[in-house]
Amino acid sequence: MNKYIVTFAPPTPNGDLHVGHLSGPYLAADVYTRSRRLMGDDVLFVSYSDDYQSYLLKKSVETGSTPDAVCKKYYKKIVKSLESVNINTDSFISTINNQYFKDAVKLFYSSAVDNDMIDIGEFPVGYCSRCNVYGYESFGRAECNFCGSSSDLSQCENCAYPPDIEQVKEIKCSLCKNDMVMVKGHQEYIKIDQCYEYITELMAFNKTRKALSEFVRKITNSTIKKWPISRDNEYGVDGITMPENRRIHTWFSGIAGYYASSLALDTSVGKNTATNYWKDKNTTIACFVGYDCAFSHAIVYPSLLKNIDMFTNKIKIFTNYFLKLNGEDFSTSRGHAIWLSDIVKEVDPDFLRLYVAAYSPEEECDNFETLDLYRFLNVKIYPVLDSLISGVKINNVGHVDSNSVDILVKDIVDRYKDKWLFAIGPSTFSMKNIALIIIDVIKESNSDNNFNQNDLAFLLIFIAYISLPVMPVFSKKILLSFNVDEKELLNIFTNKNIDFKFIIDHKKLPKCTYIKKSYLDNICNITDSVLA
Ligand SMILES: [Zn+2]
Ligand SMILES: [Zn+2]
């Protein structure tokens, strides 16, 4: 049994979650957690809401509200949205004015100071006198000096590099769109080039995705030497450094946020339950993040973690790109988004998870098509599952012996089991591949073969088992209706015979809930001719 801490990048509570968010780190972290637990590993699943994000402050300025009020409103919505799609963390805290968070940031900051990682220097910063805001992050935009895209000045949303304020052009205020003037100020910074050798060593052991390995290789060979961590007169956690108006920004504090969430869990479930995972050198921390968080997670956090002797150093980062909606970027300001709270009223959350996982933008951007979702579930998936379910209902009792099932059924299992084990692997993990395997197996089960009831039962149980990480509720219902033990099913993958009698509990067998056409009409004005 191995130990894991699984985290997803903290959502900013300046809005609710939409399908684009789901496709990235949130669902992947949940599927990873469920996969590891299914294999018998011990997992702590934590995250938090990013209450000190600069964009949160911007939202409160724009709406004439306060950061506190904005956080409260959206934290609740985010928690509800995560639950609505069966993403169940062990701890998910709000960090604003949270003592655990402050303590955790202090711990990582002071250990970095003790290890001579931090210095102070003069840095220019954009300032807008009309709006009285500084262009550290959400209030300033410019052309990234590394890739040329429009970006804020903290992390480039396109190339994930931290833009160099002295080299970017045309810094504009994002509130009034006028040019910002440059003023001089002081910022504390991490002497990040000191960490490159260690990061290179670490990545050699922690290979996950190609894009991330390439990013780390480029950064550790770059001339970037300083990574500012404080901002004067901007938003951030108070009271960590001096003077009073100097605040540590949120990109420094991510690893502290995950630890703070564990500290909070200790208090609610008992002494050290959660923090013991951090203090076990064999624990692997698996972080799921958008590609734009690559610098903080893959370069900075492993270096901060290394400063604390009692903590594990083992950290793996899984990055993803971004999902488009019907071919365009998700945009909450233009209303081009599907909110989770809306779609779960129309689409079974487990099957939404299956579709989103299949189109997960792991290695490149992918696209969510509403019409395709409708066709996929109503035409390709639900009818096959329905016919399997009605096939096993013929008799109330049956007997599955994996040695005596039809050779075609055995062949399906043989062809997919190793691929599936690879897809759920701790380093080779891909929820996209898991979903594609499930979909292929479902499609292959849609044959005109004269499978008997026991063959159909075996197929259905196999589908349910491999779907447990992606479709937890639906799969559990199937396994429960056969009264079959999940642990016994692992034998399918080790060529051991499975032999059991079943009595079907019809009431427990799930039903597929087809998407109503009226939903499509509402959401994208699809005409009957397009559907035909
Ligand atoms: Zn860039
Ligand atoms: Zn302005």
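(A) Summary view of the sheet that holds strand β1 (residues 3-8). Sheet architecture is open: five strands sit in the order β3-β2-β1-β13-β14, paired in parallel fashion. Two strands lie at the open edges of the sheet, namely β3 (91-94) and β14 (315-320), each paired on one side alone. With direction set aside, neighbouring strand axes in the sheet form an average angle of 20°. As paired elements, β1 and strand β13 (residues 284-290) share five bridges and run parallel to each other. From the neighbouring strand, F8 faces β13, where its bridge partner is F288.

(B) Local environment of unusual backbone geometry. In this chain, M242 is followed by P243 through a cis amide linkage whose omega measures -10°. Mapped onto the fold, P243 is located in the loop between β11 (230-232) and β12 (246-248). In this model, N97 sits at a positive phi of 50°, which is unusual for a non-glycine residue. Overall, the relative accessible area of 62% leaves N97 in the exposed class. Unusually for a residue other than glycine, N132 sits at a positive phi of about 55°. Its place among the elements puts N132 in the loop between β4 (118-128) and β5 (133-134). Judged by its relative accessible area of 53%, N132 falls in the exposed class.

(C) Focus on the sheet that holds strand β15 (residues 323-325). Spatial ordering of the open sheet is given by β16-β15-β17, a layout of three strands whose pairing is mixed. Taken across any chain shown, the strands that pair with only one partner, and hence form the sheet edges, are β16 (328-329) and β17 (366-368). When β15 meets β17, the two strands line up parallel, connected through three bridges. Counted as the bridge partner of K324 is N367 from β17.

(D) Broad picture of the coordination of the zinc ion (ligand 2). The coordination sphere of the zinc ion (ligand 2) contains the protein donors C128 (SG), C131 (SG), C173 (SG) and C176 (SG), at a distance range of 2.3 Å. Each of the four donor atoms around the zinc ion (ligand 2) contributes to a set of angles spanning 103 to 114°, which defines the coordination as tetrahedral. All donors to the zinc ion (ligand 2) come from one chain, and their sequence spacing reads C-x2-C-x41-C-x2-C. Of this pair, C131 sits in the loop between β4 and β5 while C176 sits in the loop between β8 (169-173) and β9 (181-191), placing them 45 residues apart in sequence. Among the residues examined, C176 registers a relative accessible area of 25% and is labelled partly exposed.

(E) Broad picture of the nonpolar core. Ranked by internal contacts, the top residues of the largest apolar core, which has 101 residues, are I343, F368 and F482. Here this core gathers at least three residues from each of two domains, domain 1 (3-320) and domain 2 (358-503). When sequence neighbours within four positions are dropped, the list of residues in contact with I343 reads V19, I338, L352, F368, L373 and Y519. Judged by nonpolar contacts, the second largest core, of 86 residues, contains V133, V168, M180 and F311.

(F) Up close: the pattern of salt bridges. Using the criterion set out here, one finds 21 salt bridges in the structure. D280 is the partner of K3 in a salt bridge, and the nearest nitrogen-oxygen pair spans 3.5 Å. Of the two residues, K3 sits in strand β1 while D280 sits in the loop between α8 (275-278) and β13, which places them 277 residues apart along the sequence. The partner of D232 in a salt bridge is R246, with the nearest N and O atoms 2.7 Å apart. In this pair, D232 sits in strand β11 while R246 sits in strand β12, placing the two residues 14 residues apart along the sequence. R246 sits in the buried class, given a relative accessible area of 7%. Through salt bridges with shared partners, one network takes in D30, R34 and R353.

(G) Focus on helix α12 (residues 370-392). Given a rise of 1.5 Å per residue, 23 residues ought to cover 33 Å, and the 32 Å separating the end C-alpha atoms of α12 matches this to within 8%. Roughly 40° is the biggest bend found in α12, and it falls at Y382, with proline P383 one to four residues downstream.

(H) Looking closely at the environment of G126. Relative to the elements of secondary structure, G126 occurs in strand β4. As for G126 and C173, which are separated by 47 residues in sequence, their C-alpha atoms are 8.2 Å apart.

(I) Molecular detail of the side chain of S261. Structurally, the position occupied by S261 is in helix α7 (residues 254-269). On the basis of relative accessibility, which here comes to 0%, the residue S261 falls in the buried class. Here the side chain of S261 touches S47 through a polar contact of 2.8 Å, landing on its backbone oxygen. Apart from residues no more than four positions distant in its own chain, S261 is found in contact with V46, S47, S91, F92 and I93.

(J) Focus on the coordination of the zinc ion (ligand 1). In the first shell of the zinc ion (ligand 1), the protein supplies C144 (SG), C147 (SG), C156 (SG) and C159 (SG), at 2.3 Å from the metal. Classification of the site at the zinc ion (ligand 1) as tetrahedral follows from its four donor atoms and the range of 105 to 114° in their angles at the metal. The sequence pattern formed by the donor residues of the zinc ion (ligand 1) is C-x2-C-x8-C-x2-C.

(K) Spotlight on the packing of α12 against helix α15 (residues 453-467). Two elements in contact, α12 and α15, have axes separated by 8 Å at closest approach and are oriented at 130°. Taken together, the axis directions place α12 and α15 in an arrangement best described as oblique. Seen from above, α12 lies across α15 with left-handed handedness. Contacts between α12 and α15 involve L385, L388, I389, G391 and V392 from the former and Q453, L456, A457, L459, L460 and I463 from the latter. Its residues assigned to classes, the contact of α12 with α15 shows nine nonpolar, two polar and no charged.

Conventions we followed
Residues numbered from 1 in each chain as written. Chains lettered and ligands numbered in written order. Predicted model: local features only at pLDDT ≥ 70, side-chain atom pairs only at ≥ 80, totals over all residues. Heavy atoms only, no water. Pairing = 2+ DSSP bridges. Helix = DSSP H or I, 4+ residues; strand = E, 2+ residues; numbered from the N terminus. Axes fitted to C-alpha atoms, helices over the stretch in contact; angles between N-to-C directions. Buried < 20%, exposed > 50% of the residue type's maximum accessible area, 1.4 Å probe, protein only. Donors = N, O, S within 2.8 Å, 3.2 Å for Na, K, Ca; no water. Tetrahedral: all angles 85-135°; square planar, octahedral: opposite > 155°, others 65-115°. Core = buried A, V, L, I, M, F, W, Y, C linked by side-chain atoms within 4.5 Å. Domains from an automatic or database assignment. Contact = heavy atoms within 4.5 Å. Salt bridge = Lys/Arg side-chain N within 4 Å of Asp/Glu carboxyl O. Expected span 1.5 Å × (residues − 1). Bend = angle between axes of the 7 residues up to and from the residue. Polar contact = N/O pair within 3.5 Å; in protein donor to acceptor, adjacent residues only side chain to side chain. Parallel < 35°, antiparallel > 145°, perpendicular 65-115°, else oblique. Left-handed = near helix turned anticlockwise from the far one by under 90°. Nonpolar A, V, L, I, M, F, W, Y, C, P; charged D, E, K, R; others polar.

Shape descriptors only; they carry no functional weight alone.
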